[in-house]
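Breakdown of the fold
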Amino acid sequence: MSGLSGLSVPEDMVLRPRPSALKFDLVTKCSTTKARAATLQLPHGPVSLPMFMPVATQGSLKGLTPKQLEETSCRLCLNNTYHLGLKPGQKTLDAIGGAHKLQSWPHNILTDSGGFQMVSLLKLAQVTEDGVRFLSPHDGTPMLLTPEHSISLQNSIGSDIIMQLDDVIATTSPDHARIEEAMHRSVRWLDRCIAAHEKPHSQNLFCIIQGGLDLDLRRECCEEMVARDTPGIAIGGLSGGEAKAEYCKVVSTCTSLLPDNKPRYVMGVGYPEDILVSIALGADMFDCVWPTRTARFGNAVTSTGVFNLRHASYAYDFRPVEDGCKCTCCRPPSEGGLGITRAYIHHTAAKETAGAHLLSMHNVHHLLDLVRQARESIVEQRYPSFLRAYFGKLYAGDKNKYPQWAVDALGGVGVDLMA
Amino acid sequence: MEPTNQPKLEQLPAEMFTIIKAASNGIGPRLGTLALPGRKAIQTPHYLGLTSRGVVPHITQDNFARATSISGVYVGLEDFIEKAPPHTPPLYQFKPPDGSSPLRRFIALPEQTLLVLGARRTPPLAAPSANSNTHETVAVCTAVGFRTLRAEYYAEVVEGLKADIVVGLGDIPFGRALGHKRVVKATDRTIQWMQDHVTRRRAVVERTAQARLFAPLLPVSCAKQQHYIDSLTQDLASAISGLAAYDLASLGDLPDSLGHLPRLGFTAPSTPHDILQHIAHGIDIITIPFVIAATDAGIALDFAFPPPARNATNERDLDNPLPLAIDMWAATHATGIYPLTTGCECYTCTSHHRAYLQHLLAAKELLGWVLLQIHNHHTLDLFFAGVRLSIAGGTFEQEVERFAQAYESRLPEKTGQGPRIRGYQYKSEGRGEAKKNKAPFTMLDDGREKLAESALPAANADASELEEQGFAEKDVQ
């Protein structure tokens with residue numbers, strides 16, 4: 001343990017291995033990039049990494065039944081602690097027996113700590129050493145969310161993966177001192193979360209690496225948090241409007257310092273290109289509300305781009321949302337699907353709730369399937385060519401349109417998109 | 001799914017509607033079978049699911065097929081024609097590769113489900129007086145407001161959409177009583193429109209795939225629309241496969257010569273008691289707008305026919321009629337991990353519980369309405385199965401009486417917020433109208449002061465202390 005002598009880890013914490021409720025089996029490492037394929041055994045069944053996780057904020061995925069969510073091949077979805085803490089509330093969750101029972105979801109659930117929503121949704125949230133002070137969005141009552149309470153709530157929710165409460169600062173913040181403070185506070189709060197966690201044998205606590213865009217802070221945070229030996233590791237504070245090049249540097253810096261034998265989760269990342277590049281940089285898990293939120297605005301996510309089906313040009317377009325897509329919405333009736341056309345989505349988008357539900361099914365399926373294909377190519381040692389094919393299709397072969405950040409980031413891990 | 005136009009099905013007898021049992025004379029409840037080529041036969045009395053823009057509200061087509069037993073749906077053409085004129089509505093340009101019904105394929109309705117098409121959705125939005133019907137047109141409400149639909153155009157386009165049943169265009173002045181002169185006018189118009197429609201149909205060479213044509217009855221007694229009734233029993237008789245009733249008044253003196261036709265009810269029952277009354281008047285297939293209204297109001301239907309056995313001598317039972325439905329908004333359901341209604345076998349009740357429904361409604365999650373719609377339609381399926389059994393067993397009248405005693409007369413009042421109100425659900429009253437949908441988020445004006453005043457709990461505060469601080473509404477129940 002001499003290598004850790006300079007760290008502020010309480011001694012009893014490093015000496016005994018942390019209890020864990022998961023098993024991480026590394027299947028393949030890409031021989032070119034830092035991408036990995038793995039299997040993660042969780043309390044509610046195995047999932048394949050890399051993986052995209054759709055967000056069922058308040059215990060339901062925007063109008064889809066658990067059965068429909070299951071059909072998109074999802075086996076791990078997110079719930080938001082902040083929302084479930086407000087409704088139905090901890091007492092009710094305890095009475096019902098947790099979020100799996102609440103929503104009749106037999107597969108895995110991951111919950112965030114609730115801190116991010118407070119800072120992002122509530123203008124008046126204040127972070128102190130004790131926790132996040134904020135006002136109830138319902139009646140304005142002052143409230144406080146501490147690391148202990150966040151864990152207590154997540155223990156009541158019973159999610160398979162729980163997140164530490166972290167001090168989230170926008171990476172774009174100019175206040176370097178505040179970013180540094182937030183990183184150190186996040187480490188201190190991790191210790192409080194570990195101490196407060198009552199169910200380490202059935203729920204996996206993930207730490208969250210902070211440190212803004214400062215790579216030294218990120219490195220320091222990685223070292224501190226890795227030493228605390230949580231079952232999984234998240235990279236937080238990103239996806240908040242920072243330049244994509246900066247984002248890639250942070251992800252790559254962190255993954256280089258993280259152990260091989262633990263899942264790595266980049267929080268709040270959801271655009272297909274971001275996910276594929278992050279996989280190449282060594283990240284395994286992603287979540288975003290984007291596919292479902294954008295569906296409610298009539299946007300279809302496809303391998304050739306995002307299209308707003310509310311546009312008049314789709315009123316007479318009788319093709320499926322995406323040709324060849326295997327989702328329930330797009331598959332023709334002869335293959336047991338619904339054979340829904342773009343014209344029908346145009347007809348119902350923003351007019352009937354079912355229109356949004358259909359498009360959510362497609363969008364979620366699209367992202368899950370994209371990441372599944374990425375995994376397949378990693379296992380078969382052809383991830384670089386998969387990436388080239390993906391960008392080629394997305395930009396219709398026009399390499400001038402490839403985003404520079406993606407070209408650079410992938411170049412850094414040995415994939416030349418322009419080749 | 002089975003392909004359409006199977007040769008075997010084409011050989012079915014032309015008999016679409018078979019009456020199994022009916023009152024020997026006059027009006028009364030009756031049992032029948034409605035069988036159309038390629039569709040699952042429907043035992044009547046039954047109901048049609050109501051659609052909005054081609055979908056039973058909230059129920060995606062995969063849920064429709066998997067989680068409901070809705071055997072037929074009603075679609076209003078007005079939901080599809082906002083681009084006409086000047087543009088041809090997309091639906092008319094849609095040509096499914098296998099030559100099947102463009103409407104059925106467009107809305108992804110399962111092959112076995114009966115598809116009934118009419119001009120207006122149900123319930124229709126009453127047209128403003130400035131947009132009343134004319135000799136050639138009816139007022140319809142599209143996504144872009146009221147438009148006129150030409151009778152000639154209607155007759156032309158509905159035939160191309162290949163529904164199973166088309167309800168002919170009638171001069172039905174929704175939301176208004178018909179004066180004597182207006183009835184004469186409506187009679188003349190409807191005769192003209194129906195005759196033109198039938199002439200057009202008779203001119204078609206290949207008629208095997210034609211939709212069955214149902215004749216609308218004006219919402220007055222048959223005596224008051226005698227000329228039209230005469231036309232239906234004479235020149236139009238061979239072209240008409242059924243009747244559409246908009247008021248029970250038109251069934252009271254229906255001539256025997258029209259008695260063999262199935263009767264489709266657009267009679268807008270507002271309670272299950274009304275449904276029973278309409279069945280007693282001889283309606284075979286009925287549309288039930290209140291189901292969808294109940295779903296949007298967060299109300300789970302909870303009635304059965306025949307009603308559960310109760311002790312007639314027990315005063316408590318007599319004084320305490322059963323509620324017809326449960327308001328799922330009530331906070332008392334927050335921890336209820338049991339089905340919406342006891343013993344219910346619908347997808348919602350077998351997969352979920354009251355606590356989840358209450359949570360979804362309170363959280364305004366779209367899934368709440370999905371699950372309620374599934375449950376409420378399942379409740380109707382059982383209700384109608386019970387009705388048919390009792391008619392077959394000859395106990396319908398007694399059971400209706402028992403039902404009236406066993407249950408409250410009305411559905412519970414709506415207490416919670418429904419989904420966003422859409423334009424086709426209310427009639428604009430002009431300027432200065434209050435907003436129909438509340439803004440989802442508002443700024444807390446006094447927020448900053450409250451934050452400044454708040455005392456900070458100790459860092460090691462436990463949950464109950466935090467509860468006192470008001471975090472997370474821990475005081476539910």
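Residues numbered from 1 in each chain as written. Chains lettered and ligands numbered in written order. Predicted model: local features only at pLDDT ≥ 70, side-chain atom pairs only at ≥ 80, totals over all residues. Heavy atoms only, no water.

A count of helices and strands for chain B gives 17 helices and 15 strands. Relative to its 477 residues, chain B shows a buried fraction of 55%. For chain B, the proportion of contacts with a sequence separation of at least 24, taken over those separated by at least 6, is 67%. Of the roughly 21200 Å² of accessible surface on chain B, a fraction of 52% belongs to carbon and sulfur atoms. (Helix = DSSP H or I, 4+ residues; strand = E, 2+ residues; numbered from the N terminus. Buried < 20%, exposed > 50% of the residue type's maximum accessible area, 1.4 Å probe, protein only. Contact = heavy atoms within 4.5 Å. Areas by Shrake-Rupley, 256 points an atom, 1.4 Å probe, with all protein chains shown as cover.)

Moving on, we come to the sheet that holds strand β13 (residues 264–266) of chain A. Residues and elements named next belong to chain A. Ordered by their spatial adjacency, eight strands build an open sheet running β4-β14-β13-β12-β11-β10-β6-β5, and the pairing between neighbours is parallel. Looking at the sheet topology across the chains shown, the edges are occupied by β4 (51–54) and β5 (76–79). In this sheet, neighbouring strand axes are inclined to one another by 25° on average, regardless of whether the strands run parallel or antiparallel. Sheet topology note: the β4/strand β14 (residues 285–288) ladder contains four bridges and is parallel. Note on β14: the bridge partner recorded for Phe 52 is Phe 286. Sitting on the sheet, helix α7 (residues 147–157) is in contact with β6 (108–111), β10 (161–163) and β11 (204–209), with an inclination near 165° to β10. (Pairing = 2+ DSSP bridges. Axes fitted to C-alpha atoms, helices over the stretch in contact; angles between N-to-C directions.)

All names here are of chain A. The residues that UniProt annotates with the feature "active site" (unreviewed entry) are Asp 112 and Asp 287. These annotated residues cover 176 residues of sequence, and their C-alpha atoms lie no more than 10.6 Å from one another, placing them together at a single site. Along the chain, Asp 112 turns up in the loop between β6 and α6 (115–121). Excluding its chain neighbours within four sequence positions, the residues that come into contact with Asp 112 are Asn 79, Asn 80, Thr 81, Tyr 82, Gln 117, Gln 154 and Met 163. A polar contact is formed between the side chain of Asp 112 and the side chain of Asn 80, at a distance of 2.8 Å. Looking at the element boundaries, Asp 287 is found in strand β14. Once residues lying within four places of it in the same chain are set aside, the contact partners of Asp 287 are Phe 52, Met 53, Val 55, Leu 78, Tyr 265, Val 266, Met 267, Gly 268, Val 269 and Gly 270. Polar contacts involving the side chain of Asp 287 include one to the side chain of Tyr 265, which spans 2.8 Å. (UniProt positions renumbered as here; feature names shortened; annotations may be inferred. Polar contact = N/O pair within 3.5 Å; in protein donor to acceptor, adjacent residues only side chain to side chain.)

This part is about the confidence of the model for chain B. All names here are of chain B. On average, residues of chain B carry a pLDDT of 87, and 84% of them reach 70 or more. Within the model, the stretch residues 442–459 combines pLDDT values under 50 with 27 contacts to residues more than four positions away or in other chains. This stretch, residues 472–477, has a pLDDT under 50; its non-local contacts, to residues over four places away or in other chains, come to 19 contacts. We note a pTM of 0.91 for the whole complex and an ipTM of 0.93 for its interfaces. (pLDDT = per-residue confidence, 0-100.)

Let us now look at the UniProt feature "binding site: Zn(2+)" (unreviewed entry) in chain B. All names here are of chain B. In the UniProt entry, the feature "binding site: Zn(2+)" (unreviewed entry) is given for Cys 344, Cys 346, Cys 349 and His 375. A compact arrangement is adopted by the annotated residues: their sequence extent is 32 residues, whereas the largest C-alpha distance between any two is 8.4 Å. Relative accessible area serves as the criterion here: at 3%, Cys 346 is assigned to the buried category. Contact partners of Cys 346, with chain neighbours within four places excluded, come to His 375 and His 378. Along the chain, His 375 falls in helix α14 (residues 367–393). Of the residues examined, His 375 reaches a relative accessible area of 0% and is grouped as buried. Those residues in contact with His 375, other than ones at most four positions away along the chain, are Ala 300, Leu 301, Leu 340, Thr 341, Cys 344, Cys 346, Thr 348 and Cys 349.

Another point: unusual backbone geometry. All names here are of chain B. Of note, the amide linkage connecting Thr 44 to Pro 45 takes the cis form, showing an omega dihedral of 0°. Residue Phe 305 is joined to Pro 306 through a cis peptide bond whose omega torsion reads -5°. If you trace the backbone, Pro 306 turns up in the loop between β14 (299–301) and α11 (315–319). Positive phi values are uncommon outside glycine, yet Ala 108 reaches one of about 55°. Inspection of the secondary structure puts Ala 108 in the loop between α4 (102–106) and β6 (114–118). Judged by its relative accessible area of 5%, Ala 108 is buried. Unlike most non-glycine residues, Ala 268 shows phi in positive territory, near 45°. Looking at the secondary structure, you find Ala 268 in the loop between β12 (263–265) and α9 (272–280).

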